[in-house]
Amino acid sequence: MKYSDYYFSTGVRIRAILFGVLSGAIVWFLLGWQWGVLVGAIGALLHSFILPLMLYREDLPYIRLKNTLPKPFLIDARVRFTVKDGTVGGFFVLTDHSMIFLSLERGNHRLELSRKDVRSVIGNEDFTISIFLNDTQFIRVMSTATEEMLDILRQNGWSVSG
């Protein structure tokens, strides 16, 4: 991902506008509507430049890790997934031969699974995917892009049901 992807993100724009409206409303009640409009506009403008920079800086370790992985990526999605001591946020990367989970929360977590490691993939209706490794071990992946992920996994020959 490039810095411009963060800059043009819809979520960043919405947050910047909400920040401007909220800060403008507070100043409006304290100092008057002219100051409220001015502070709200300046706050939204500053927030729209500072927030993408902060998000890009936060994801820079992931971006460096992704540059070491074999390309092309079939899926590169931000997800939460289970590890032995809870869930962590990170990225799910799918290549032609493997699925890779990357996270830097609570230690370094990098899990690479080949086709022979994954027994089946089951999609649930609540934005989760369960990746079964055997009868007792599975990884639960939570994302808003589960339908797209399941479609791409199905198209590329992974054992998907649900």
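Keep in mind that what you see is a predicted model, and the values were worked out from it rather than measured.

K.L.:
Is there a simple way to think about the pattern of salt bridges in this case?
P.N.:
A side chain of one charge can pair with a side chain of the opposite charge when the charged atoms of the two come close. Following the criterion strictly, the structure yields 4 salt bridges and no others. The salt bridge involving Arg78 is made with Asp59; its shortest N-O contact spans 2.4 Å. With Arg78 in strand E1 (residues 75-83) and Asp59 in helix H3 (residues 33-67), this pair connects stretches of sequence that are 19 residues apart. With a relative accessible area of 2%, Asp59 lands in the buried category. Glu112 serves as the salt-bridge partner of Arg110, at 3.9 Å between the closest nitrogen and oxygen. With relative accessibility at 45%, the residue Arg110 sits in the partly exposed group.

K.L.:
Explanation requested: the sheet that holds E1 in the structure shown.
P.N.:
Two orientations exist for strands paired in a sheet by backbone hydrogen bonds: parallel and antiparallel. Spatial ordering of the open sheet is given by E4-E3-E2-E1-E7-E6-E5-E8, a layout of 8 strands whose pairing is mixed. Strands with a single pairing partner mark the edges of an open sheet, and in this sheet they are strand E4 (109-114) and strand E8 (160-161). Looking at chain direction, E1 and strand E2 (residues 86-94) are connected through 9 bridges and run antiparallel. For Arg80, the partnering residue across the bridge sits in E2 and is Gly89. Contacts from H3 reach E1, E2 and strand E3 (98-103) within the one sheet, and its direction differs from that of E2 by about 40°.

K.L.:
What's the story with the nonpolar core in this structure? I'm lost.
P.N.:
In a soluble, globular protein the nonpolar side chains are often hidden away together inside. Core analysis: the biggest nonpolar cluster contains 23 residues, and Met99, Phe101, Ile131 and Val141 have the highest contact counts within it. Looking at this core, the elements with two or more residues in it are E1, E2, E3, strand E6 (128-132), strand E7 (138-142) and helix H4 (146-155). For this core, the element with the most residues is E1, which contributes 5 residues. With residues up to four places along the chain from it excluded, the contact list for Met99 reads Phe92, Val93, Leu94, Leu111, Glu112, Leu113, Val118, Ile131, Leu153 and Trp158.

What counts, and where the lines are drawn
- Residues numbered from 1 in each chain as written.
- Predicted model: local features only at pLDDT ≥ 70, side-chain atom pairs only at ≥ 80, totals over all residues.
- Heavy atoms only, no water.
- Salt bridge = Lys/Arg side-chain N within 4 Å of Asp/Glu carboxyl O.
- Helix = DSSP H or I, 4+ residues; strand = E, 2+ residues; numbered from the N terminus.
- Buried < 20%, exposed > 50% of the residue type's maximum accessible area, 1.4 Å probe, protein only.
- Pairing = 2+ DSSP bridges.
- Contact = heavy atoms within 4.5 Å.
- Axes fitted to C-alpha atoms, helices over the stretch in contact; angles between N-to-C directions.
- Core = buried A, V, L, I, M, F, W, Y, C linked by side-chain atoms within 4.5 Å.

Read these as geometric descriptors, not functional statements.
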